[in-house]
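# Remarks on the overall topology
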Amino acid sequence: MTQTIAFHTLGCKLNFAESSDLLRRFVNEGYKEVGFKDKADVYVINTCTVTQIAESKCRNAIRQAHHINPKAIIAVIGCFSQVNSKEIEKIEGVNIILGNDDKHLLIEKVKESEKRIINDEKHEIDNSVIDISSLKSFYSSYSSNDRTRAFLKVQDGCDYFCTYCEIPFARGRSRSCSIEEAVSDAKTLAKQGKKEIVITGVNIGDFGKERNETFLDLIKSLDKVEGIKRYRISSIEPDLLSKEIIDFCFSSRAFLPHFHIPLQSGSNKVLKTMKRRYLREEFEEKVNYIHELMPNCFIAADVMVGANDETEDEWLSSYKFLESLPLAFIHVFTYSQRPNTLANKIGEVIPVHLRRQRSEELQKLAYKKKEEFYKTNINYECKVLWEETKKDGKMYGFTNNYIRCQREYDSKYINTITTEKIIKLSKDKEYFIIENL
Ligand code: SF4
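All values reported here derive from a predicted model rather than from experimental measurement.

### A closer look at the site of the ligand
Residues in contact with the ligand, as listed here, are Cys158, Tyr160, Phe161, Cys162, Tyr164, Cys165, Ile167, Pro168, Val202, Glu237 and Arg276. A per-class count over the shell around the ligand returns nine nonpolar, no polar and two charged.

Below, the structure is given as structure tokens:
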């Protein structure tokens, strides 16, 4: 009888690429995918540990799966498993726990569990999480469940150890695939008809350093892959976003005017406490350079509010700095203490109510910036890649500079790129009405 499997993925694009890759293998082995709210024989939860909220969502997902089918095999994999497998062992219904180095063993582990159930052997948890220090291998992954766009994993882990961040303890040291492997995956995705690739990793600017390859070399090679019309860089550290990379994206065939750059704070004092590798002036210089070169470029920044040493003065200075930048959007994160991190020992802790208050204030600025950016794009001639989603007789797509647009649904436009003029913002300010050129 066909076994059914359901995936629930939390966290970053990297996790989605890895889950999609694992699911593809199960389907190739004859498993049938069902929704996570449906009854399944196997449940896989690909976890995240970036915040306390992410971890509690993982626990809830495990309990939900066990509630729907108490006899199901439940596999808990990824970052939360890597940093806290002992806690996960205590949650009822868990059969398999895998960290970030042995996710690729998932199918074997599920088959072993199935055998144990068939042989009516005693339930035992298979916890194969290895110590983070021995996490050396890199597993390529790409997502393929979206007809239009794919996430391509090119790098994993991080050597930066910013004081607030737990990722190096969950994903290990920086490592990556070779340019040849990345180009081969991109060619596979082109053959599958994908038009857009989002290049992803943990600290992708550090790509290839273990084999004398660079991120600039990588994007130059990917730009030559026929069939892929568009590339987005998921996120790149300010100190690793060189002028050469910006210039190449500007003059390239397929790299889009869209940059996502984690700033984290607009205060140099807080950046030092975070042990970030740049000061705000360097960030400002790069953002202004991009804006001069590509005025319609979508520049987004990650900012964490309420981190240690963010006194009232530092907060106000940070806010004013962000207000002054030509950003299209700000992704706002509220600082939360993470186990293992240095931040628990250094700097002045900011009360939680102040963190929340600042998060609300910065969210407002983020939407104000987005609206301002949108307004500068009225009458902008752009290329839109149309997706297959149909809602209320409409279909949607993103412009090259990451603006969401809507048109009357017509299946002939799915996964095609058309030239459009941006006319006006929709009432709910969620997308643009366009005029086909
Ligand atoms: S660069 Fe810093 S914030 Fe980003 S993953 Fe590495 S340690 Fe975490």
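On we go.
### Observations regarding the domain arrangement of the chain
Along its sequence, the chain is carved into domain 1 (4–127), domain 2 (141–373) and domain 3 (381–436). For domain 1 and domain 2, the distance between their C-alpha centres works out to 28 Å. With 19 residues of domain 1 in contact, the opposing surface of domain 2 contributes 22 residues. For the domain 1 and domain 2 pair, buried surface summed over both sides reaches about 1700 Å², with 54% attributable to carbon and sulfur atoms.

### Things to note about the sheet that holds strand 14 (residues 298–305)
Each strand in a sheet pairs with its neighbour through backbone hydrogen bonds, running either in the same direction (parallel) or in the opposite one (antiparallel). Read from one edge of the open sheet, three strands run 13-14-15, paired in parallel fashion. Here the strands that pair on one side only, and so sit at the sheet edges, are strand 13 (258–264) and strand 15 (329–334). If you compare each strand with its neighbour and ignore which way they point, the axes differ by 20 degrees on average. Relative to strand 14, strand 13 runs parallel, the two being bridged by six bridges. When the sheet's bridge partners are listed, Phe259 is paired in strand 14 with Ile299. Helix-sheet contacts for helix 12 (residues 352–375) involve strand 14 and strand 15, and the interaxial angle to strand 15 is about 165 degrees.

### Quick notes on helix 2 (residues 52–68)
The end-to-end C-alpha distance of helix 2, which contains 17 residues, comes to 25 Å, matching closely the 24 Å that a straight helix rising 1.5 Å per residue would cover. Looking only at helix 2, the buried set comprises Ala54, Glu55, Cys58, Arg59, Ala61, Ile62, Ala65 and His66. Buried positions in helix 2, seen along its axis, are confined to an arc of 155 degrees and lie on one side of it. Helix 2 presents Ile53 and His67 as exposed residues on the side facing more than 90 degrees away from its buried surface. Turning to helix 2, the residues buried within the fold contact strand 1 (4–9), strand 3 (42–47), strand 4 (73–78), helix 3 (79–89) and strand 5 (94–98).

### Some words on the packing of helix 11 (residues 312–324) against helix 12
Helix 12 packs onto helix 11 with a crossing angle of 10 degrees between their chain directions and a minimal axis gap of 11 Å. As far as their axial angle goes, helix 12 and helix 11 are roughly parallel. Listed contacts from helix 12 to Glu312, Trp315, Tyr319, Leu322 and Glu323 of helix 11 are Arg358, Glu361, Leu362, Leu365 and Lys369.

### Focus: the environment of Asn415
On the secondary structure map, Asn415 appears in the loop between strand 18 (404–408) and strand 19 (417–425). Among the residues examined, Asn415 registers a relative accessible area of 9% and is labelled buried. C-alpha of Asn415 to C-alpha of Lys195: the two residues are 220 residues apart in sequence and 7.1 Å apart in space. Setting aside chain neighbours within four positions, we find Asn415 in contact with Arg147, Thr148, Gly193, Lys195, Leu385 and Trp386. In this structure the side chain of Asn415 is engaged in a polar contact, spanning 2.8 Å, whose partner is the backbone oxygen of Gly193.

### A short note on the environment of Cys165
In this structure, Cys165 sits in the loop between strand 9 (155–156) and helix 5 (167–171). With 93 residues separating them in the primary sequence, Cys165 and His258 have C-alpha atoms 25 Å apart.

### Notes on the pattern of salt bridges
Close approach of charged atoms lets side chains of opposite charge pair. Applying the stated criterion across every chain yields a total of 34 salt bridges. Lys103 is the partner of Glu18 in a salt bridge, and the nearest nitrogen-oxygen pair spans 2.4 Å. One end of the pair, Glu18, is in helix 1 (residues 13–28); the other, Lys103, is in the loop between strand 5 and helix 4 (106–118), with 85 residues separating them in the sequence. Across this residue pair, the class does not change: Glu18 and Lys103 are buried. A salt bridge links Glu282 to Lys286, with the nearest nitrogen and oxygen atoms 3.0 Å apart. Of this pair, Glu282 and Lys286 both sit in helix 10 (residues 280–293), separated by four residues, roughly a single helical turn.

### Observations regarding unusual backbone geometry
Not every positive phi belongs to a glycine, and Tyr402 is a case in point at roughly 60 degrees. Summarising the element assignment, Tyr402 is placed in the loop between strand 17 (394–399) and strand 18. On the basis of relative accessible area, Tyr402 is assigned to the partly exposed category, the value being 32%. Despite not being glycine, Asn415 has its phi angle at roughly 60 degrees, a positive value.

What counts and how
- Residues numbered from 1 in each chain as written.
- Predicted model: local features only at pLDDT ≥ 70, side-chain atom pairs only at ≥ 80, totals over all residues.
- Heavy atoms only, no water.
- Near = heavy atom within 4 Å.
- Nonpolar A, V, L, I, M, F, W, Y, C, P; charged D, E, K, R; others polar.
- Domains from an automatic or database assignment.
- Contact = heavy atoms within 4.5 Å.
- Buried area = accessible area lost by both parts, 1.4 Å probe.
- Pairing = 2+ DSSP bridges.
- Helix = DSSP H or I, 4+ residues; strand = E, 2+ residues; numbered from the N terminus.
- Axes fitted to C-alpha atoms, helices over the stretch in contact; angles between N-to-C directions.
- Expected span 1.5 Å × (residues − 1).
- Buried < 20%, exposed > 50% of the residue type's maximum accessible area, 1.4 Å probe, protein only.
- Arc of directions from axis to C-beta.
- Parallel < 35°, antiparallel > 145°, perpendicular 65-115°, else oblique.
- Polar contact = N/O pair within 3.5 Å; in protein donor to acceptor, adjacent residues only side chain to side chain.
- Salt bridge = Lys/Arg side-chain N within 4 Å of Asp/Glu carboxyl O.

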